[in-house]
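Below, each chain spelled out in residue letters.
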Amino acid sequence: MLKTMTPVSDRIERLRQNYVNTKPSICYERAKIYTESHKKTEGKPTILRRAQAFYDFCAQFQVRIFEDELIVGTAGKFRRTGILTPEYSWKWVDKEMDTFPTRPQDPYQITPDQCDVVRAEIFPYWHGKSLEEHFLAALPEETARIAVDTGIIDNDSKWRQAVGEITPDYEGHLFVKGYGGILKDAEEKLATLDYLNAEDIDRIHYYQATILSAKAIILLANRYADLSENMAEEEADADRMAELLEIARVCRRVPEYPPQSFHEATQFIWFVQLGGIITENPLALNPGRYDQFMYPYYAADMDKGLLDKAGAKELIHALWLKYSEWVWTISENTTGYFAGYNQFQNLTVGGKKRDGSDATNELTYLCLEATDEVRTHQPGLSVRVQSDCPPEFLYAVSDLVSKGTGFPAIHNDQAGIQMLLQAGYEPEDARDWNNCGCVVPHFRQTGQWTSAVNVNFAAAMEYALNEGKSRLTGEKMGLEAKPLADYASYQEIEDATFEQVGNLIHHSVVSTVIAQKLHAEMVPRPFLSTCIGHCLEEGKDLSRGGAKYNVGPVLTGIGLAVVANSLAVIKKLVFEDKVTTLAELDAAMSADWEGYDALRTKALAVVKYGNDDDYVDAIARDLANYYYRKTRAYKDNFGSPFNSAFMGISNYIPTGRIVGATPCGRKATKPITEGVSPFAGSDVKSPLAAMRSSAKMNHDVHTGGTLLNLRLSEDLVSTPKGKRDLGGIIRAYFSLGAFHVQFNTLSTETLRKAQKNPEDYKDLLVRVAGYSTQFVNLSPEMQEAIIARSAHGSY
Amino acid sequence: MQDYSIHDGEGVRTTIFLAGCGLRCQWCANPESWTQHKKLAYHAHKCKGCHTCRSVCPEGLDPASEGFDIARCTFCGDCVAACPEKALQLACEAMDADAVLDQIRRDEIFFRHSGGGVTFSGGEPFVQHQFLRRLMAGCEKLGVSVWVESCGFFKWDQCSDLMAGIDHIFFDIKHMDSETHRKFTGLGNETILENAKRICAAGVPMTVRIPLITEVNLDGRNLTATARFMQEHLPGSLIELLPYHELGKAKYSAFRMQDDFHAFTTPTAAQIEAAYSIFEHHSIGRYQ
Ligand code: SF4
Ligand code: SF4
């Protein structure tokens, strides 16, 4: 067993062992209570039905406090629990539920008996009522054939799941008002509205739903307080008894009232998170700028002598464990895109304050340390590195990199600010950005679909090169295209490829706006809307554009490097060197390179993206620029332009599965590429060259974020000098205008050992893409993909 | 060339290996850089025996075989590109100064933010002094700091003008006794010690490096003599001890130079510390 060397308290170590050793289990309680509730509220406004169901859950669910817990609350009866949300979708659960325990990626425990209950008592009610069913019925046929479970364009997390992708506003709203204050405000607003004004009706329903939601979360907290008091009475151990009484006191206060201590603020955050989980089972429900909004409570408690560093650390550790214990229940298809039980709760530290000064404080460092100490895969820790940040901060960042957990995700503050300015944010808000999910610059008063669609660039290229058809199935999936051999110039091929990308963008937009419309109608978000002050002011739900900023959905391009590499091969070998013909290349790809070894060798020898060579990098840049222009030309249901991104998730694996051999030398069905990262193993020169290539991509216009993953040899960051030098490299990379970089520093040897003896490496974290997760929790295929990323660092 | 090198001086550095060296140290970890002619390395442990290299070689050679006839190899690199296991590698390729400077220009942004620069290493970088002169002139224009790693064996008159452009030099003193020096490196140490004095007199900050090898120079007498020499003739110089390691061994087989390989013993941590204390005793600072 890899033991954490750094000090965590015995209690945290026990909680941690439990988290590492327990398989997540599905609890259907939430689905059952929601279903019963919905049966009773038929005909009522949807938003009120959703709020009532939440209230019923908070009133009926049997609350539990587990051994050793300091921060309490789960969405199901297990510590590591996943819930079901049939109002979004249930068909895939019905189909996959029996294999949940045995599926290769992200298995869940569920017994046959439990499956029976779910099938008998829950799903029948939702026939024909779920978001999924309505979405599939509304989607035009020509979009459906490339958008539903195909890997060509993929947005199933937006119609099988809730959106999530919210950063609750603790600093300016929740911690200021508490839910008691929100309730009062809603009541006052309600008193000024009149059913006789047609435009007031929706707002009346909205405020009624807000009141119900606020009462619900307060009730839930008080039920935990009751339980804790009861447990205290039974408790033999005096220390634990005192703790339980303190937990009860805290739960009586928050989230009804503004928090007054670090402990109260911590529990407040968890109740908000819990409310979000129960109502939506969301991805990317981000803590946001934790070191900023928690600092006043930390500093005040330290001043008063109520808290010491160890105490603060223990609460941070406990919260980190809470973020990690629950699981985002998702389909097998979705696990391909978001592998590793990941919930994408992004916590951002560092950067600038709203006034432009440096924002780092003691808590910033505690967050970095805690992430190393407790070794949980959540929260997703991001840092903002601004030009004037203290060298100590940069050093602490490199130090965490050297621990090999894949954390933190390192961001260029200036680029993040620039991205938000371009999206129309006020400068103060732009400086106050945090990350959403993995690498999307975001702000706590924003409504946005930050990961709306994955767009498979390599598939688009395949259609240009293969008469509009998939090479693997022969089915026509793209725009009409002529036989490859008929193209007369390189430029013609490049244009045709871009045009096919444009077509996928078009269908992505269609699919997104339909989903947006249905979300507003069918699954409004009364609870998460309470987290954004502007919704309360306007009386408008998040799903209807109630946030201060409604930023356009993000389309993520996947396979940038594969397409650039492939086009470079065509340009060089066919049109410049004339060592092959289009016809031969076509045949080679159809044969998956079988029998074309010599040609494949030549293809592999053509310079690849990631080696700082403009021959191929310029193609990638042109494609990225084209993608940006095309995407921005579309508007969503709120009139906001769509946004481009090159981010990660684990989407480069499933998207690769549907693409035949590519001219770059890649074999059929192999992974393509993530973000602005080079093709695995092809960035042979050095990480510096890979950075220079990536920095050519005008990062600041891709407001949905860009992502570069690199593996570094452990030795490069094992000494103080190595850590300082890495800091210099990060600064240099950012001075080129790039937005994000993240490092895996585990040796191939360590990873191989972990594959052989997974039992001994249960807590080994690796960077997947935009996030970290336990290596042993990845499917063998994913593990190979991680190992294949070239490790830099021979010297 | 090797960029992102962190062990060859301040900050992140790009190390440029200039081939050719007059010494033949028995423990050398870079034997491929003794001579300037091109070489093809074959890493047997990576090779899976797929014969791809053989099938692509335009000369009909098999670089993975025992009987590979290097004399017929044109160093075209086809086999290197084709090998799926990356088991083949070219060394000592001819590069022109502009290409080297272009790479330095690309890396400059990383030097700027880490306080790094270029380190010329070898072989013995002063052997190719004309080429080095061109590169150093380029570095001066780019504002890039220049460090040098030298074994000390070169003709002073050919290189004295270069000293003004060097920000720091790592200078090897392998043994103070000329006969022992000759036994293990092929040459006596007179020129080397003389050059050390001259470099120091020219004002180049210096770190003396000793490759610490149990069988060769790890004795109090030699180390004390080195420290005295430094104290007397190399004022202000620092000391760095590089314990012998066997990592070079693979290279001897890769370059089919097994016959030149000699095994030595790596000193223990305690021995290294004891060696440092001798220098400390002579008020000589430690390079870190
Ligand atoms: S470098 Fe060229 S000539 Fe030499 S073995 Fe390889 S392919 Fe043959
Ligand atoms: S191509 Fe590479 S792996 Fe195959 S036989 Fe030659 S050296 Fe060995």
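Just so we're clear, the structure is a prediction, and the values are computed from it rather than from any experiment.

Cut-offs used in this document
Residues numbered from 1 in each chain as written. Chains lettered and ligands numbered in written order. Predicted model: local features only at pLDDT ≥ 70, side-chain atom pairs only at ≥ 80, totals over all residues. Heavy atoms only, no water. Helix = DSSP H or I, 4+ residues; strand = E, 2+ residues; numbered from the N terminus. Rg over C-alpha atoms; globule rule 2.2 N^0.38 Å. Buried < 20%, exposed > 50% of the residue type's maximum accessible area, 1.4 Å probe, protein only. Areas by Shrake-Rupley, 256 points an atom, 1.4 Å probe, with all protein chains shown as cover. Lys, Arg positive; Asp, Glu negative; His and termini not counted. Charge placed at Lys NZ, Arg CZ, Asp CG, Glu CD. Contact = heavy atoms within 4.5 Å. Near = heavy atom within 4 Å. Nonpolar A, V, L, I, M, F, W, Y, C, P; charged D, E, K, R; others polar. Domains from an automatic or database assignment. Buried area = accessible area lost by both parts, 1.4 Å probe. Salt bridge = Lys/Arg side-chain N within 4 Å of Asp/Glu carboxyl O. Polar contact = N/O pair within 3.5 Å; in protein donor to acceptor, adjacent residues only side chain to side chain. Pairing = 2+ DSSP bridges. Expected span 1.5 Å × (residues − 1).

### Notes on the overall build of chain B
Part 1 of the argument: Across its full length, chain B carries ten helices and nine strands.
Part 2 of the argument: Expected size for 288 residues packed as a compact globule is a radius of gyration near 19 Å; at 20 Å, chain B falls within 12% of this value.
Part 3 of the argument: C-alpha extents for chain B along the principal axes are approximately 60 × 45 × 35 Å.
Part 4 of the argument: Looking at chain B as a whole, 52% of its 288 residues are labelled buried.
Part 5 of the argument: Surface accessibility of chain B: about 13,200 Å² in total, with carbon and sulfur atoms responsible for 50%.
Part 6 of the argument: Chain B carries 28 positive and 36 negative side-chain charges, and their two centres are separated by 2 Å.

### Considering the overall build of chain A
Part 1 of the argument: Along its length, chain A carries 32 helices and 18 strands.
Part 2 of the argument: Taking 795 residues into account, the globule formula puts the C-alpha radius of gyration at 28 Å, and chain A, at 26 Å, falls close to it.
Part 3 of the argument: Dimensions of chain A, computed from C-alpha atoms along their principal axes, come out at roughly 85 × 65 × 55 Å.
Part 4 of the argument: When each of the 795 residues of chain A is scored for burial, the buried share is 66%.
Part 5 of the argument: Within chain A, counting contacts between residues at least 6 apart in sequence, those at least 24 apart form 77% of the total.
Part 6 of the argument: If you sum the accessible surface of chain A, you get close to 25,000 Å²; carbon and sulfur atoms cover 50% of it.
Part 7 of the argument: Side-chain charges in chain A split into 85 positive and 105 negative, and the spacing between the mean points of these groups amounts to 2 Å.

### Brief notes about the site of ligand 1
Part 1 of the argument: Leu40, Cys57, Pro58, Glu59, Phe68, Cys73, Thr74, Phe75, Cys76, Gly77, Asp78 and Cys79 of chain B make up every residue found near ligand 1.
Part 2 of the argument: Tallied by class, the residues present in the shell around ligand 1 amount to eight nonpolar, two polar and two charged.

### Observations concerning the domain arrangement of chain A
All names here are of chain A.
Part 1 of the argument: Split by domain assignment, chain A resolves into domain 1 (21-138 + 167-281), domain 2 (285-289 + 304-437 + 713-743) and domain 3 (453-710).
Part 2 of the argument: On a C-alpha basis, the centroid separation for the pair domain 2 and domain 3 is 27 Å.
Part 3 of the argument: Facing the 25 residues of domain 2 at the interface are 28 residues of domain 3.
Part 4 of the argument: Between domain 2 and domain 3, a total of about 2,300 Å² is buried, with carbon and sulfur atoms accounting for 63% of that surface.
Part 5 of the argument: In this structure, the salt-bridge partner of Asp429 is Lys548, at a minimum N-O distance of 2.8 Å.

### With respect to the interface of chain A and chain B
How big an interface is tends to be stated in terms of the accessible area lost upon association of its parts.
Part 1 of the argument: Listed as interface residues are 27 residues of chain A and, on the opposing side, 19 residues of chain B.
Part 2 of the argument: Buried area between chain A and chain B, summed over both chains or domains, comes out near 2,100 Å², and the portion from carbon and sulfur atoms is 64%.
Part 3 of the argument: Viewed at the interface, chain B and chain A are joined by one salt bridge.
Part 4 of the argument: A salt bridge links Arg106 of chain B to Asp612 of chain A; its shortest N-O distance comes to 2.7 Å.
Part 5 of the argument: The interface formed by chain A and chain B holds five residue pairs in polar contact (both at pLDDT 80 or more) in total.
Part 6 of the argument: Contributions of two or more residues to the side of chain A that touches chain B are made by α26 (597-605), α29 (687-694) and α30 (720-735) of chain A.
Part 7 of the argument: It is α30 of chain A that contributes the most residues to the side of chain A that touches chain B, ten residues altogether.

### Focus: the site of ligand 2
Part 1 of the argument: Around ligand 2, the surrounding shell holds 14 residues, and the nearest of these are Cys47, Cys50, His51, Cys53 and Cys83 of chain B.
Part 2 of the argument: Here the shell around ligand 2 is built from residues that sort into nine nonpolar, three polar and two charged.

### Remarks on the pairing of strand β12 (residues 554-558) of chain A
Residue and element names in this part refer to chain A.
Part 1 of the argument: Within β12, five of the five residues are buried, which leaves the element mostly enclosed by the surrounding structure.
Part 2 of the argument: Alternating positions in β12 separate into two faces, Val554, Thr556 and Ile558 on one and Leu555 and Gly557 on the other, with burial throughout.
Part 3 of the argument: Two strands pair when backbone bridges link them, and strand β10 (residues 453-456) and β12 are joined in this way by four bridges, in the parallel orientation. For Val453, the partnering residue across the bridge sits in β12 and is Leu555.
Part 4 of the argument: Sheet topology places β12 next to strand β13 (residues 643-645); three bridges connect them, and they run parallel. Residue pairing for β13: Val554 is matched across the bridge by Asn643.

### Re helix α17 (residues 391-402) of chain A
All names here are of chain A.
Part 1 of the argument: An ideal rise of 1.5 Å per residue puts 16 Å on twelve residues; α17 measures up with 16 Å between its terminal C-alpha atoms.
Part 2 of the argument: Along α17, the positions that sit buried rather than exposed are Phe393, Leu394, Ala396, Val397, Ser398, Leu400 and Val401.
Part 3 of the argument: For α17, the elements touching its buried residues are β4 (346-350), α16 (362-374), β5 (380-385), β6 (409-412), α30 and β15 (740-744).
Part 4 of the argument: Phi turns positive, to about 75°, at Gly404, one or two residues after α17.

### So, the pattern of salt bridges
All names here are of chain A.
Part 1 of the argument: All told, the structure shown has 68 salt bridges over all chains when counted by the stated rule.
Part 2 of the argument: The closest approach of N and O atoms between Lys313 and Glu373, which form a salt bridge, is 3.0 Å. Of this pair, Lys313 sits in helix α14 (residues 309-325) while Glu373 is found in helix α16, placing the two residues 60 residues apart along the sequence. The same class applies to Lys313 and to Glu373, which are both buried.
Part 3 of the argument: One continuous salt-bridge network, built from bridges that share partners, spans Asp169, Glu171, Arg289, Arg354, Glu426, Glu428, Asp429, Asp432, Arg444 and Lys548.

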